[in-house]
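Below are the chains, spelled out letter by letter.
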Amino acid sequence: MKLSAVLFLSAVSTVLAGRTLVFPTQTSTSYVEMTPLKPLSLRAFTLCMRVATELSGEREIILFAYRTQHYDELNVWRELDGRLSFYLSGDGVLFKTPELGPMETHLCFTWDSSSGAAAVFVDGRKSLTKVYRKGHTIRSGGKVILGQDPDAYFGDFEAKQSFVGEISDVNIFVGEIGDVNMWDTVLSDSTIRDMFNGKKVERGNVFDWESTQLRTNGDVVVVNREL
Amino acid sequence: MKLSAVLFLSAVSTVLAGRTLVFPTQTSTSYVEMTPLKPLSLRAFTLCMRVATELSGEREIILFAYRTQHYDELNVWRELDGRLSFYLSGDGVLFKTPELGPMETHLCFTWDSSSGAAAVFVDGRKSLTKVYRKGHTIRSGGKVILGQDPDAYFGDFEAKQSFVGEISDVNIFVGEIGDVNMWDTVLSDSTIRDMFNGKKVERGNVFDWESTQLRTNGDVVVVNREL
Amino acid sequence: MKLSAVLFLSAVSTVLAGRTLVFPTQTSTSYVEMTPLKPLSLRAFTLCMRVATELSGEREIILFAYRTQHYDELNVWRELDGRLSFYLSGDGVLFKTPELGPMETHLCFTWDSSSGAAAVFVDGRKSLTKVYRKGHTIRSGGKVILGQDPDAYFGDFEAKQSFVGEISDVNIFVGEIGDVNMWDTVLSDSTIRDMFNGKKVERGNVFDWESTQLRTNGDVVVVNREL
């Protein structure tokens, strides 16, 4: 009796409940606020997520925004020309990578202040390393949102830069973001590859997608699925 | 003596006999009827198959059809523009995906009525999730066929929409479908990835390709091979 | 002393010495004759090889030829349009596949007389199955060569159809073939995938590349490398 109970528990523990945020339509009021586990005073980070979008062509897409009252502390973008980038309060660092598309892509962005080393991992494969903002510190005290560019601290969102949207009646854009995890260190290449392959790795200590509190606004659907 | 018999059996059990349905020519009378293990009264499903076709260009291809007397309860299509889609008695949900082609592709379609979450997996990779037909129930009492669109319950099939076909003498279309399995739940991402990679997963409880009864009509060849 | 010798041998046995045949230039006299382990009286086969070529464009390339005195019993081609094909004394069966190119491609051709099922595997991925020459038997008593089309039993080779060549001074063609193994059965999908991935599988019982005797003629270089 006891044995079967143990077996049952061990079976359950292998089931990973995953939430995915679906932004089915463009609305300037749709976004999700994430509550971090610790203040975002960071001299290094690894920020990972899974993204899928049918948006294509020349269009900027914001994937992650962390803003304090006066600064965009860490914004992650898909640029007009398809490159991936992030910005630490000022000019950003851009990476040529395989393009985001309608099939789910696993992304990790890494940065280390001590060397300035910055890189992107797309489906576990590393981009070339760039030297960016050596010595800089990301400041705490702001808010993190997904789905919008918080230009003026949750002020007026610009519809053109929302994660999903409809520029005119002709196109309807859709997209999803999930598995948003963040560490205050640079994870190893093999850890990031393991994460892409669905293996369990150490949980994020800044954001842990399994436990992080999500506050949704507007037309955002939270879908639960097993990973 | 007994030992060797046991060893022999264990060796045999790792050999997976797989049937593949080959539709070598276009004929409006070629289709295969599948008998389900339970009534298709479904509020969720995972439907998987392996497909290869030399059909290309602007052409609709039906991959799976479940029809009750008055409704197309669940039809799966490759659309004119190459997108994959499914329809639950009414407008469908369409997904941008890598295109089907002459090399075998593994497909899984998932849908869950409680959230409306719908997705496609192509060779183990998930598309973006769409919200579709939340609260809907697929009704039982119909028939499932492969290779044709049963517009009027096994009535007159339209040659242009058959899985394989010949619009004129110029082109000869060919294709194959196999490994058609269906569950009344949404399988986890990792289970679907394992299935694509040829690992054994729990057998389908709506359709189990290894045991399901197939009734072939017209020019359909059933090929047995080891997986 | 004896122990270390054993260990040494076991270490050596994990190093797979692989021969590759390089055809560096076009010459109508370059080919390699392979001696089979048993007569090629076949009602089924799996024929695998690794091929790389910088040949491109509209050009036929013969990859394998088995000819008895009066018949091309089994010829394997890359057709003018890039399709892969094989011919059992008569019209052939053609497959749309990813194109051969300058990076090494792993190919397996399978055929089974009892069902007529024929398929190609490119880098472990199966094409669609075609029904071809059901009931036919490949006859023994011929010769197998690589690099040329033996139109008249080692007679006059046609320069245009040699595996590598130079039609004019404008183009220089290069290519290599290796790992040519053949079985008198249809191997399972997973065995072929393992072979592509470099795992050890059961040795070919018609041709075993590790032990088969090669008789080279003309400008053919045998390169040894570790696999």
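Here the structure is a predicted model, which is why all the values come from computation and not from measurement.

Calculation rules
Residues numbered from 1 in each chain as written. Chains lettered and ligands numbered in written order. Predicted model: local features only at pLDDT ≥ 70, side-chain atom pairs only at ≥ 80, totals over all residues. Heavy atoms only, no water. Helix = DSSP H or I, 4+ residues; strand = E, 2+ residues; numbered from the N terminus. Buried < 20%, exposed > 50% of the residue type's maximum accessible area, 1.4 Å probe, protein only. Contact = heavy atoms within 4.5 Å. Areas by Shrake-Rupley, 256 points an atom, 1.4 Å probe, with all protein chains shown as cover. pLDDT = per-residue confidence, 0-100. Pairing = 2+ DSSP bridges. Axes fitted to C-alpha atoms, helices over the stretch in contact; angles between N-to-C directions. Buried area = accessible area lost by both parts, 1.4 Å probe. Salt bridge = Lys/Arg side-chain N within 4 Å of Asp/Glu carboxyl O. Polar contact = N/O pair within 3.5 Å; in protein donor to acceptor, adjacent residues only side chain to side chain. Nonpolar A, V, L, I, M, F, W, Y, C, P; charged D, E, K, R; others polar. Least-squares fit on C-alpha atoms with pLDDT ≥ 70 in both. Disulfide = S-S within 2.5 Å. Arc of directions from axis to C-beta.

The next subject is the overall build of chain A. The helix and strand tally for chain A stands at two helices and 15 strands. Evaluated residue by residue, chain A yields a buried proportion of 50% over its 227 residues. For chain A, long-range pairs separated by at least 24 residues make up 67% of all intrachain contacts whose partners lie at least 6 apart in sequence. Surface exposure of chain A reaches about 10400 Å², of which carbon and sulfur atoms provide 52%.

Moving on: the confidence of the model for chain A. All names here are of chain A. Residues of chain A with pLDDT of at least 70 account for 82%, and the chain-wide mean is 83. Within chain A, no element has a lower average pLDDT than helix α1 (residues 2-13), which sits at 35, and none a higher one than strand β8 (residues 105-112), at 97. A low-confidence stretch, residues 1-16 (pLDDT under 50), is modelled with six contacts involving residues beyond four sequence positions or located in other chains. Taken over the whole predicted complex, pTM reads 0.81, whereas the ipTM for its chain interfaces reads 0.77.

To continue, consider the sheet that holds strand β7 (residues 92-95) of chain C. Residue and element names in this part refer to chain C. Reading across the sheet, the seven strands line up as β7-β6-β5-β4-β12-β2-β14 and stay open at both edges, with antiparallel pairing between neighbours. If you trace the sheet from one side to the other, it starts and ends with β7 and β14 (214-217), each paired once. When the angles between neighbouring strand axes are averaged without regard to direction, this sheet yields 15°. In this sheet, strand β12 (residues 143-146) lies alongside strand β2 (residues 31-34) in antiparallel orientation, the contact comprising three bridges. Each residue of the ladder has a partner; that of V32, found in β12, is L146.

It is common to report an interface's size as the accessible area lost on association of the parts. Facing the 20 residues of chain B at the interface are 20 residues of chain C. Taken over both partners, the interface formed by chain B and chain C buries close to 1600 Å², and the fraction arising from carbon and sulfur atoms is 56%. Notably, a salt bridge pairs C:R125 with B:D123, separated by 3.5 Å at the nearest N-O pair. Counting across the chain B and chain C interface gives nine residue pairs in polar contact (both at pLDDT 80 or more). Every element with two or more residues in the side of chain B that touches chain C is listed here: β3 (44-53), β13 (175-183) and β15 (221-226) of chain B. Ranked by residue count, the leading element in the side of chain B that touches chain C is β15(B), at four residues. Counted by class, the side of chain B that touches chain C contains eight nonpolar, six polar and six charged residues.

Further remarks concern the sheet that holds strand β4 (residues 61-67) of chain B. All names here are of chain B. Strand order across the open sheet formed by seven strands is β7-β6-β5-β4-β12-β2-β14, with antiparallel pairing between neighbours. Each end of this open sheet is capped by a strand with a single partner; those strands are β7 (92-95) and β14 (214-217). Pairwise comparison of adjacent strand axes, ignoring direction, gives a mean angle of 15° for this sheet. Sheet analysis places strand β6 (residues 84-87) next to β7, joined by four bridges and oriented antiparallel. Across the sheet, L84 pairs through a bridge with F95, a residue of β7.

What follows deals with the relation of the copies chain B and chain C. Structural alignment of chain B on chain C gives an RMSD of 0.0 Å, achieved by rotating through 91° and translating 0.5 Å along the axis. Such a combination of rotation and displacement between the chain copies is what one expects of a four-fold axis. Considering only C-alpha atoms, the residue of chain B closest to the rotation axis is B:N197, which sits at 9.0 Å.

Right, let's get into the side chain of C:S127. One can find C:S127 in the loop between β10 (125-126) and β11 (130-131). On the accessibility criterion, C:S127 (1% relative accessible area) is buried. Leaving out residues up to four positions away in the same chain, C:S127 has contacts with B:A52, B:P102, B:M103, B:E104, B:E176, C:F95, C:A119 and C:V120.

Once that is clear, we can look at the environment of B:S41. On the secondary structure map, B:S41 appears in the loop between β2 (31-34) and β3. Among residues more than four places away in sequence, those in contact with B:S41 are B:T137, B:I138, B:R139 and B:S140.

With that settled, consider the state of the cysteines. Residues and elements named next belong to chain C. Taken as a whole and judged by the stated rule, the model has three disulfides over all chains. Sulfur-sulfur distance for the disulfide between C48 and C108 comes to 2.1 Å. The sign of the S-S torsion, about 110°, decides the handedness of the disulfide formed by C48 and C108: right-handed. Highlighted residues: C48 in strand β3 (residues 44-53) and C108 in strand β8 (residues 105-112), separated in sequence by 60 residues. You can call C48 buried: its relative accessible area is 0%.

A few words on the pattern of salt bridges. Per the counting criterion, the structure on display carries 46 salt bridges over all chains. The partner of A:E54 in a salt bridge is B:K130, with the nearest N and O atoms 3.0 Å apart. With one member in each of two chains, A:E54 in the loop between β3 (44-53) and β4 (61-67) and B:K130 in strand β11 (residues 130-131) form a pair that bridges those chains. In terms of burial, A:E54 and B:K130 fall into one category: buried. Taking the shortest distance from any N to any O, the salt bridge between C:R78 and C:E99 comes out at 3.1 Å. Of this pair, C:R78 sits in strand β5 (residues 72-78) while C:E99 is found in the loop between β7 and β8, placing the two residues 21 residues apart along the sequence. Overall, C:R78 belongs to the buried group, its relative accessible area being 3%.

Another aspect to go through is helix α2 (residues 189-196) of chain A. Residues and elements named next belong to chain A. Listed in full, the buried residues belonging to α2 are T191, I192 and M195. Down the axis of α2, the sector holding all buried residues measures 100°, keeping them to one side. Packing partners of the buried residues in α2 comprise β3, β8, β9 (117-122) and β13 (175-183). Directly after α2, the chain includes G198, whose backbone phi takes a positive value near 85°.

What follows covers unusual backbone geometry. Even without being glycine, A:D123 reaches a positive phi, approximately 50°. With respect to the helices, strands and loops of the structure, A:D123 is situated in the loop between β9 and β10 (125-126).

Here we take up the interface of chain A and chain B. At the junction of the two partners, chain A supplies 20 residues and chain B supplies 20 residues. Here chain A and chain B share an interface that buries about 1600 Å² over both sides, 56% of which is from carbon and sulfur atoms. Where chain A packs against chain B, one counts four salt bridges. Counting the contacts that link chain A with chain B gives ten residue pairs in polar contact (both at pLDDT 80 or more). Mapped onto the side of chain A that touches chain B, the elements with two or more residues apiece are β3, β13 and β15 (221-226) of chain A. No other element matches β15(A), which puts four residues into the side of chain A that touches chain B. Class assignment of the residues belonging to the side of chain A that touches chain B gives a composition of eight nonpolar, six polar and six charged.

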